[in-house]
Amino acid sequence: MNCYDCHQEGRATPATASCHTCGAGLCPDHIRVTAQDVHRHEGMGLSTLKQSARRLTCFTCHDAQHQL
Ligand SMILES: [Zn+2]
Ligand SMILES: [Zn+2]
C-alpha cells in the first residue's frame, strides 16, 4: 500500500501506517499521532487511565476531529 496523501500529490511513497478513521495508507510525513485517553468502567463511574493510547490518523481526519 502507498501513502494516500502522497498519491494525491502525484507521488508514490510506501505507507508505514494506516489512518485509524478512514483507513488511508500513510507515510511518516503524513501521519498525525494523537494520544487518546482510555476510559474504564469502575463500579458506578468512569475512570481515565494514566496511560494514553496511541492513535494514528491522516491530516484530514485529524483536522476534522479537532476543528472548533
Ligand atoms: Zn505521504
Ligand atoms: Zn483519515
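Residues numbered from 1 in each chain as written. Chains lettered and ligands numbered in written order. Predicted model: local features only at pLDDT ≥ 70, side-chain atom pairs only at ≥ 80, totals over all residues. Heavy atoms only, no water.

Novice: What is the right way to look at the overall build of the protein chain in this model?
Specialist: Per the secondary structure count, the protein chain includes two helices and six strands. In sequence order, the protein chain lays out its α and β elements as α-β-β-β-β-β-β-α. Here the protein chain has a C-alpha radius of gyration of 15 Å; the compact-globule value for 68 residues is 11 Å, and the former is much larger. With respect to the three principal axes, the spread of C-alpha positions in the protein chain is 50 × 25 × 15 Å. A total of 68 residues make up the protein chain; the buried ones form 26% of that total. (Helix = DSSP H or I, 4+ residues; strand = E, 2+ residues; numbered from the N terminus. Rg over C-alpha atoms; globule rule 2.2 N^0.38 Å. Buried < 20%, exposed > 50% of the residue type's maximum accessible area, 1.4 Å probe, protein only.)

Novice: Is there a simple way to explain the coordination of the zinc ion (ligand 2) in this structure?
Specialist: Ideal geometry at a metal centre gives angles of 109.5 degrees when four donors are arranged tetrahedrally and 90 or 180 degrees when six donors are arranged octahedrally. The coordination sphere of the zinc ion (ligand 2), as far as protein atoms go, consists of C19 (SG), C22 (SG), C58 (SG) and C61 (SG), spread over 2.3 Å. The coordination sphere of the zinc ion (ligand 2) comprises four donor atoms, whose angles at the metal cover 102 to 115°; the geometry is tetrahedral. Summarised as a motif, the one-chain spacing of the donors to the zinc ion (ligand 2) is C-x2-C-x35-C-x2-C. Of the two residues, C22 is situated in the loop between β1 (17-18) and β2 (25-26) and C61 in helix α2 (residues 59-65); the sequence distance between them amounts to 39 residues. On the basis of relative accessibility, which here comes to 10%, the residue C61 falls in the buried class. (Donors = N, O, S within 2.8 Å, 3.2 Å for Na, K, Ca; no water. Tetrahedral: all angles 85-135°; square planar, octahedral: opposite > 155°, others 65-115°.)

Novice: Just checking my understanding: could you explain the coordination of the zinc ion (ligand 1) for this structure?
Specialist: The zinc ion (ligand 1) binds to the protein through C3 (SG), C6 (SG), C27 (SG) and H30 (ND1), with metal-donor distances spanning 1.9 to 2.3 Å. In this structure, the zinc ion (ligand 1) is coordinated by four donor atoms arranged in tetrahedral fashion, with angles at the metal of 107 to 114°. Sequence spacing of the donor residues for the zinc ion (ligand 1), all on one chain, is C-x2-C-x20-C-x2-H. Taken together, the residues C3 in the segment before α1 (4-8) and C27 in the loop between β2 and β3 (31-36) connect sequence positions 24 residues apart. The same class applies to C3 as to C27, namely buried.

Novice: What exactly am I supposed to notice about the pattern of salt bridges here?
Specialist: Opposite charge on two side chains allows them to pair when their charged atoms are near. Within the structure shown, the criterion is met by two salt bridges. Salt-bridge contacts for E9 lead to R11; the nearest nitrogen and oxygen are separated by 2.3 Å. A salt bridge links E42 to R40; its shortest N-O distance comes to 3.0 Å. (Salt bridge = Lys/Arg side-chain N within 4 Å of Asp/Glu carboxyl O.)

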